[in-house]
Amino acid sequence: MGQYGTENVQTGNKRGTVHLIGAGSGDPELLTLKAWRVMQRAEVVLYDSLVSEDVLDMCASTAEKIFVGKRRANHALPQESINELLVKHALAGKMVVRLKGGDPFIFGRGGEELQEVVRHGIHFESIPGITAASAAASRAGIPLTHRDHAQSVKFVTACKKNGAPNNDYSELMDSSQTVVFYMGLHRLHEMTQGLIAGGRDSETPFAIISHASMPTQQVLIGTLSDIADQQAEAKLPTPALLIMGDVVALYHEFAGYNLSAMGKGEFVDVDVDVDKVISSNDLMPNLERIA
C-alpha cells in the first residue's frame, strides 16, 4: 500500500484517496504544516469560495483545480455533484484534496462528503483547520472562554438544512456561556430580537467580526439591543462571525495592545535580537526539507 493510494487486490487497479483539508480562515500562515505537505502532492483539488487565493496557490502547481464553492443562495454546484466529483476522481486513481474554509467538521459538510466517499470503498484522511470562530475570536482579542465570564462556548448555525432559519433560542439564555453564530449576518435583526424575546439580557455584549484573520478584517462591537442598528449603518461584509457573551467586553480592554487588532500582527519580539527572530514566512522555503 502506497502512502496516498491503495491497491485493489482483485483488479490490480490503483484506487485514489480523498484528503479532506481545513484551509482555515484565509490567512495562509495559519494553515497546518500537514495540510501544506498534502496539498503539495495533490493531483485534483476541489475548493470552496472561502478558500483564499493565497492558500489555493500553496497547492501543487500541476494539480487540476476545480471550484465548487457555495455562498448563501449561490451554489456553484449542488452538494450531490460535489460528492460525485470526489468519488469520480478518486476511483480514477487520483489523489484528491477537498479544500474547505475553516474546519470541515464544523458546519462544513465534511461528514456528508466522507459518507459518500466511504460508500464507494475509498480511503480518506481528514486534516483539521482553524475554524472561523477560533480565528475571529483570537485575532480580535475576544477569548471564547474565561473563568470570570464564560465557562462554556456553543457554536450555532443560523440556518438549518435547505436554508430553514434556526429559531431555537431556548438553549442560548445562559449568561455564563459564549455563543458563536455561523452564517448569521443576514438574519442579525431577526436573531437579536428573538434572543431578547426569549429572555436574554438586551445589554449582553455582542460582536461582529468580518473577514477574520485577513488584512480586511473589521470588528463591530455593541450589545444585543443595538448591534443590528450598528450593522445597518456599518454594513460589514460577509463572511462574518457573530459572538455573543460577556467575553466580548474584553475586546476594549485588549484592543490597545493587540497587534492583530492594530494591523500589526507580524511576529516580532522586541526583547530578542532581531536577526534571530523567525517568522512563518522565513519557514516556508524550508518546509519541503523538513517534511
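Residues numbered from 1 in each chain as written. Predicted model: local features only at pLDDT ≥ 70, side-chain atom pairs only at ≥ 80, totals over all residues. Heavy atoms only, no water.

Visitor: What am I meant to see in the overall build of the chain here?
Guide: When its secondary structure is counted, the chain shows 10 helices and 14 strands. The proportion of buried residues among the 291 residues of the chain is 44%. The contacts of the chain with a sequence gap of at least 6 include a subset with a gap of at least 24, amounting to 65%. As displayed, the chain has an accessible area near 15,300 Å², and 51% of this comes from carbon and sulfur atoms. (Helix = DSSP H or I, 4+ residues; strand = E, 2+ residues; numbered from the N terminus. Buried < 20%, exposed > 50% of the residue type's maximum accessible area, 1.4 Å probe, protein only. Contact = heavy atoms within 4.5 Å. Areas by Shrake-Rupley, 256 points an atom, 1.4 Å probe, with all protein chains shown as cover.)

Visitor: Please clarify how the packing of helix α3 (residues 79–91) against helix α4 (residues 110–119) should be interpreted in this entry.
Guide: Between α3 and α4, the shortest axis-to-axis distance is 9 Å and the interhelical angle comes to 45 degrees. With respect to their mutual orientation, α3 and α4 come out oblique. Where α3 crosses over α4, the handedness of that crossing is right-handed. Side by side, α3 and α4 meet where Q79, I82, N83, L86 and V87 of the first sit next to E112, E113, E116 and V117 of the second. Among the residues forming the contact of α3 with α4, the class breakdown is 4 nonpolar, 2 polar and 3 charged. (Axes fitted to C-alpha atoms, helices over the stretch in contact; angles between N-to-C directions. Parallel < 35°, antiparallel > 145°, perpendicular 65-115°, else oblique. Left-handed = near helix turned anticlockwise from the far one by under 90°. Nonpolar A, V, L, I, M, F, W, Y, C, P; charged D, E, K, R; others polar.)

Visitor: Looking at this structure, I do not really get the nonpolar core. What am I missing?
Guide: Buried together is how nonpolar side chains tend to be arranged in soluble globular proteins. With 21 residues, the main nonpolar core has I21, M39, V45, V97 and L99 as its most contacted residues. The set of elements that each furnish at least two residues to this core consists of α1 (33–39), β4 (44–47), α2 (53–56) and β8 (95–100). In terms of residues, this core owes the most to one element, α1, which gives 4 residues. Counting 20 residues, the second largest nonpolar core, distinct from the first, contains L224, L236, A240 and L242. (Core = buried A, V, L, I, M, F, W, Y, C linked by side-chain atoms within 4.5 Å.)

Visitor: Any chance you could explain the sheet that holds strand β5 (residues 64–67) here in plain terms?
Guide: Note on sheets: strands pair through backbone hydrogen bonds, and any given pair is parallel or antiparallel. Read from one edge to the other, the open sheet built from 5 strands follows the order β5-β4-β8-β3-β9, with strand pairing classed as parallel. Only two strands of the sheet have a single partner each, and these edge strands are β5 and β9 (123–127). With strand direction ignored, the average angle separating the axes of adjacent strands in the sheet is 20 degrees. Both strand β3 (residues 17–22) and β8 contribute to a ladder of 6 bridges, which runs parallel. Bridge pairing in β8 places V18 opposite V96. Running at roughly 155 degrees to β8, α3 makes contact with β3, β4, β5 and β8 of the sheet. (Pairing = 2+ DSSP bridges.)

Visitor: I keep staring at unusual backbone geometry and nothing clicks. Help me out?
Guide: Comment: phi is negative for the bulk of residues other than glycine, and the bulk of peptide bonds are trans. Following T238, the chain continues into P239 via a peptide bond in cis, with omega recorded as 0 degrees. Within the element layout of this structure, P239 appears in the loop between α7 (227–234) and β14 (240–244). A positive phi is found at M183, a non-glycine position, where the angle reads about 55 degrees. When you line up the elements, M183 lands in the loop between β11 (177–182) and α6 (188–198). Given a relative accessible area of 44%, M183 falls into the partly exposed group. For H211, which is not a glycine, the phi torsion comes out positive at approximately 55 degrees. Along the chain, H211 turns up in the loop between β12 (205–210) and β13 (218–223).

Visitor: Teacher, can you tell me more about helix α5 (residues 132–140) here?
Guide: Along an α-helix, residues three or four positions apart point the same way, because every turn accommodates 3.6 residues. For α5, every residue scored as buried is listed here: A133, A135, A136, A137 and A140. A positive phi of about 80 degrees marks G141, the residue just after α5.

Visitor: Explain the sheet that holds β11 here, please?
Guide: Pairing is mixed in the open sheet, where 5 strands are placed in the order β10-β11-β14-β12-β13. The sheet terminates laterally at β10 (152–157) and β13, the two strands that pair on one side only. Each strand of the sheet is rotated relative to its neighbour by a mean of 20 degrees, with strand direction disregarded. Here β12 runs beside β13; their pairing, made up of 6 bridges, is antiparallel. Residue pairing in the sheet places A207 in a bridge with I221 of β13. With respect to the sheet, α5 is in contact with β10, β11, β12, β13 and β14, its orientation differing from that of β14 by roughly 70 degrees.

Visitor: Just checking my understanding: could you explain the pattern of salt bridges for this structure?
Guide: Think of it this way: side chains of opposite charge can pair up when their charged atoms draw near. Evaluated as defined, the whole model comprises 8 salt bridges. Of the charged contacts in the structure, one is a salt bridge between K100 and D48, with a shortest N-O distance of 3.9 Å. Of the two residues, K100 is situated in strand β8 and D48 in the loop between β4 and α2; the sequence distance between them amounts to 52 residues. This pair shows no difference in class: K100 is buried, exactly as D48 is. E116 is the partner of R119 in a salt bridge, and the nearest nitrogen-oxygen pair spans 2.8 Å. With R119 and E116 both in helix α4 and 3 residues apart, the pair spans about one turn of that helix. By relative accessible area, R119 is classed as exposed at 60%. Assessed through its relative accessible area of 21%, E116 is described here as partly exposed. Among the ionic contacts, a cluster of salt bridges with common partners joins D48, R98, K100 and E113. (Salt bridge = Lys/Arg side-chain N within 4 Å of Asp/Glu carboxyl O.)

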